[in-house]
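Here is how the chains run, residue by residue.
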Amino acid sequence: QVQLVESGGGLVQAGGSLRLSCAASGRSFSGNAMGWFRQAPGKEREFVAAINFSGGSTTYADSIKGRFTISRDNAKNTVYLQMNRLKPEDTAVYYCAARLGGLIATIRLFYNYWGQGTQVTVSS
């Protein structure tokens, strides 16, 4: 079992920044790939970013590329999502997810564990 707890969401003006954190406990964190997804009201949950077990490989959705950065600290069992130049369309609940095994995935179904989510609201 892996437990994931997100934090760092909030209300920010357009152009601002937030850093989300996801603290993991339970099964070995360093062996898992990690991902961030988001879900806006009335929309499907969509992929945002992912990082492999070591942190040496990352991938991003086109909509956030160049603005968001995913990173991880295996010593702290934590994955981060640094979000810069936020836009109103980034407003969503952001979810952290863990995929057993170290390989990156962008497909929601490939992830085994999910956090409860943290709300990010970007005002115009």
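Heads up: these notes are all about the structure in this document. (Residues numbered from 1 in each chain as written. Predicted model: local features only at pLDDT ≥ 70, side-chain atom pairs only at ≥ 80, totals over all residues. Heavy atoms only, no water.)

**Observations regarding the state of the cysteines**
Inference 1: Applying the stated criterion to the full structure yields 1 disulfide.
Inference 2: With its sulfur 2.1 Å from that of its partner, cysteine 22 forms a disulfide with cysteine 96. As the torsion about the S-S bond is roughly -75°, the cysteine 22-cysteine 96 disulfide counts as left-handed. Within this pair, whereas cysteine 22 is found in strand 3 (residues 18-26), its partner cysteine 96 is found in strand 9 (residues 92-99), the two being separated by 74 residues in sequence. (Disulfide = S-S within 2.5 Å. Helix = DSSP H or I, 4+ residues; strand = E, 2+ residues; numbered from the N terminus.)

**As for the pattern of salt bridges**
Inference 1: Summed over all chains, the structure comprises 4 salt bridges.
Inference 2: Put simply, arginine 38 and aspartate 90 hold a salt bridge, and the shortest N to O gap is 2.9 Å. Of this pair, arginine 38 sits in strand 4 (residues 33-39) while aspartate 90 is found in the loop between strand 8 (78-83) and strand 9, placing the two residues 52 residues apart along the sequence.
Inference 3: When its relative accessible area of 6% is taken as the criterion, arginine 38 is described as buried.
Inference 4: Look at aspartate 90 and you get buried, because its relative accessible area is 0%. (Salt bridge = Lys/Arg side-chain N within 4 Å of Asp/Glu carboxyl O. Buried < 20%, exposed > 50% of the residue type's maximum accessible area, 1.4 Å probe, protein only.)

**Things to note about the nonpolar core**
Inference 1: Leu4, Met34, Trp36, Val79, Leu81, Met83 and Tyr94 are the most contacted members of the largest nonpolar core, which totals 36 residues.
Inference 2: If you list the elements that add at least two residues to this core, you get strand 1 (2-7), strand 3, strand 4, strand 5 (46-51), strand 7 (68-73), strand 8, strand 9 and strand 11 (118-123). (Core = buried A, V, L, I, M, F, W, Y, C linked by side-chain atoms within 4.5 Å.)

**Structural notes on the sheet that holds strand 7**
Inference 1: Spatially, 4 strands are ordered 1-3-8-7 in an open sheet, and the strand pairing comes out antiparallel. Since the sheet does not close on itself, it has two edges, and those belong to strand 1 and strand 7, each with one partner. Along the sheet, successive strands turn relative to each other by an average axial angle of 15°, direction set aside. (Pairing = 2+ DSSP bridges. Axes fitted to C-alpha atoms, helices over the stretch in contact; angles between N-to-C directions.)

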